[in-house]
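The lines below spell out each chain.
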Amino acid sequence: MKSEVETRREKLAAIRNSGADPYPNDFSVTHSVADLKALIEEDPGALSENGPDFSVAGRLIAVNRFGKTSFLRFRDVTCQLQAYIRKDRLSEDDFLLGKSLDIGDIVGLSGSLFTTSTGEWTLLVKGLKLLVKSLRPLPEKFHGLKDPEKRYRQRYLDLMVNPEVREIFVRRSRMVQEIRAFFCERGFLEVETPMMQAVAGGAEAKPFKTHHNALGMDLFLRIAPELYLKRLVVGGLTRVFEINRNFRNEGISTQHNPEFTMLEFYQAYATYEDLMDLTEELFSRVAKAVTGSDRIVYQEREINLAPPWKRISLANALREMGDVPPEIHGDREKLIAFARSRQVPVDEKARTGKILTKLFDVLVEPQLVQPTFITHYPVEVSPLSRRSRKDPSVTDRFELFIAGREIANGFSELNDPDDQRERFQEQVKDREAGDDEAHRMDEDYVEALEYGLAPTAGEGIGIDRLAMLLADAASIREVILFPLLKDAGKPGQDEKA
């Protein structure tokens, strides 16, 4: 018995043998399906067999044949429409073509619009052209592609057969457009900074390493654009932003992909408090633009993005929500003992600030469902942040949490070159002690600060995580078109919860 692919290849051969082109590029499309539907709503008189003709194109998703008639259902990038083939309204060649079409073929259709007896808007086909012969049947007879592994590996099939997946990426695109408009309206300049860097800086993370043959030098894929963007502020570009890729050589999970998209922006003569206000305004506006409201539902929980949002220091959050006694916050040994009592794994060689943030990650972060700014992180875990004048052991920094996960990180920038050099040196000691995510020394950046960085605040926002929130997606893989996957059939790291 012939396979479906063999049957379709025979049809392809027959088309070629007839002298026809199975992959032409000469069909002119005048309207999308959405255009037609909008036209009908505006002018119901267009619904007439003898009305104006339109030309549309799309992929066949259903075919039902009844002797001298056929009903086709096709979809373009906007939506789907039914088409009606009647032998007396087509040439013999076009009618025979209609009888041979398969689900998955891409066709060009010309004709007028009418309403069927069931009330469905339908295109009466007067001209038909095969634009692409599909050689493989769509999965599960177009009832959907459900296996996550296959969906991610063959995203083109996922987009073909799962309309809700297409909507996620349409929503993501609208989100990015709205973010870009928001910053451009406020006088920010969009820039691009290097993705290959001699020193991987701007975050605590493991970089990917590569080598440039012509220059004979090792380079790193960037873990963050931060230090280059602040160099631009030194140069006088006082409001800059970038939406682009970062790369971190870390595990894969529902919240992490080694290649991800970040928004980073920097504003001179602003503080971390100014950026908290701006972030509230940004998220509320983007949510309204994408979903129609700043009250959204994420994984069956309602989240209110309307300002103002809760603001609480890390120390108070640990005390109030993590039940970490405030009197032990500065005592490293007691913190380690407390972590053991709560089964929180910590690096017992780590400094106090690292232990505090690890306790926060485990005990507090999952509770932060509604938008919450956590402020005043320890200096030890904030090597690029300005110290607080009220308490020099902490920094003028915040992280934003929504739905139990970090969405953004911002702070008033450290612009004292001597303090920055000392912070880098402390990070180098951490690296030598075994912390391979600690910052490297960046002499060129320190030199830039010596020319003078205006008082500045900056922030990074995870575009993928924001897209997850606005698309109600449980996994980051649902909002990245082509997430990284291990080789099929080979052992490797599975996705973690």
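Basis of the calculations
Residues numbered from 1 in each chain as written. Predicted model: local features only at pLDDT ≥ 70, side-chain atom pairs only at ≥ 80, totals over all residues. Heavy atoms only, no water. Helix = DSSP H or I, 4+ residues; strand = E, 2+ residues; numbered from the N terminus. Buried < 20%, exposed > 50% of the residue type's maximum accessible area, 1.4 Å probe, protein only. Contact = heavy atoms within 4.5 Å. pLDDT = per-residue confidence, 0-100. Polar contact = N/O pair within 3.5 Å; in protein donor to acceptor, adjacent residues only side chain to side chain. Pairing = 2+ DSSP bridges. Axes fitted to C-alpha atoms, helices over the stretch in contact; angles between N-to-C directions. Salt bridge = Lys/Arg side-chain N within 4 Å of Asp/Glu carboxyl O. Phe/Tyr/Trp six-rings, centres within 6.5 Å; stacked < 30°, edge-to-face > 60°.

Along its length, the protein carries 14 helices and 18 strands. C-alpha atoms of the protein, sized along the principal axes, occupy 85 × 50 × 50 Å. Taking all 497 residues of the protein together, 50% fall into the buried category. Partitioning the contacts of the protein with sequence separation of at least 6, the portion at a separation of at least 24 is 65%.

Bringing the confidence of the model for the protein into the picture now. Overall, the predicted model of the protein reaches an average pLDDT of 92, with 97% of residues at or above 70. For residues 491-497, every residue scores under 50 in pLDDT, and the model assigns this stretch 16 contacts once sequence neighbours within four places are set aside.

Time to look at the environment of Ser 313. By secondary structure assignment, the location of Ser 313 is in strand S14 (residues 310-313). Classification of Ser 313 as buried rests on a relative accessible area of 16%. Sequence separation of Ser 313 and Phe 373 is 60 residues, and the distance between their C-alpha atoms is 8.1 Å. Excluding residues that lie within four positions of it along the chain, Ser 313 makes contacts with Ile 374, Thr 375 and His 376. Reaching out from Ser 313, the side chain makes a polar contact with the backbone nitrogen of Asn 316 at a distance of 3.1 Å.

The 5 strands are arranged S1-S2-S3-S5-S4 in a closed barrel whose pairing can be described as mixed. Neighbour to neighbour, the strand axes of the sheet diverge by 50° on average, direction disregarded.

Strand direction decides the pairing type here: strand S1 (residues 54-66) and strand S4 (residues 106-115), joined by 6 bridges, are antiparallel. Paired with Phe 54 across the strands is Gly 111, a residue of S4. As judged from the 7 bridges shared by S1 and strand S2 (residues 69-75), these two strands associate in the antiparallel manner. Its bridge partner being in S2, Asn 64 is matched across the sheet by Phe 71.

Turning next to the pattern of salt bridges. Evaluated as defined, the whole model comprises 43 salt bridges. In this structure, Arg 245 and Glu 259 form a salt bridge, with 3.1 Å as the shortest nitrogen-oxygen distance. Here Arg 245, found in strand S10 (residues 239-247), pairs with Glu 259, found in strand S11 (residues 259-268); they are 14 residues apart in sequence, far enough to count as distant. Given a relative accessible area of 35%, Arg 245 falls into the partly exposed group.

Quick look at the sheet that holds strand S9 (residues 217-221) now. Taking strand neighbours across the sheet as the criterion, the 3 strands line up as S7-S9-S8 in an open arrangement whose pairing is antiparallel. Each edge of the sheet is formed by a strand with only one pairing partner; in this case those strands are strand S7 (196-197) and strand S8 (209-212). One ladder, built from 4 bridges, connects S8 with S9; its direction is antiparallel. Opposite His 211, over in S9, you have Asp 218 as the bridge partner.

Glancing now at the packing of aromatic side chains. Overall, the coordinates contain 13 aromatic pairs when judged by the stated rule. Judged by centre distance (5.1 Å) and plane angle (85°), the ring pair of Phe 183 and Phe 188 falls under edge-to-face. Taking the centre distance of 4.6 Å and the plane angle of 45° together, the rings of Phe 183 and Phe 265 count as tilted. Of the two residues, Phe 183 sits in helix H6 (residues 163-185) while Phe 265 sits in strand S11, which places them 82 residues apart along the sequence. Judged by its relative accessible area of 0%, Phe 183 falls in the buried class. In this structure an aromatic cluster arises from ring pairing among Phe 182, Phe 183, Phe 188, Phe 241 and Phe 265.

Next up on the list: unusual backbone geometry. The omega angle of the peptide bond from Pro 307 to Pro 308 is 0°, so this bond is cis rather than trans. Secondary-structure assignment places Pro 308 in the loop between strand S13 (301-304) and S14. Even without a glycine there, the phi angle at Tyr 269 is positive, about 60°. Considering the arrangement of structural elements, one finds Tyr 269 in the loop between S11 and helix H8 (272-291). With a relative accessible area of 63%, Tyr 269 lands in the exposed category. Positive phi is not limited to glycine here, since Ala 403 has a value of about 55°. Within the secondary structure, Ala 403 is located in the loop between strand S16 (397-402) and strand S17 (405-412). You can call Ala 403 buried: its relative accessible area is 8%.

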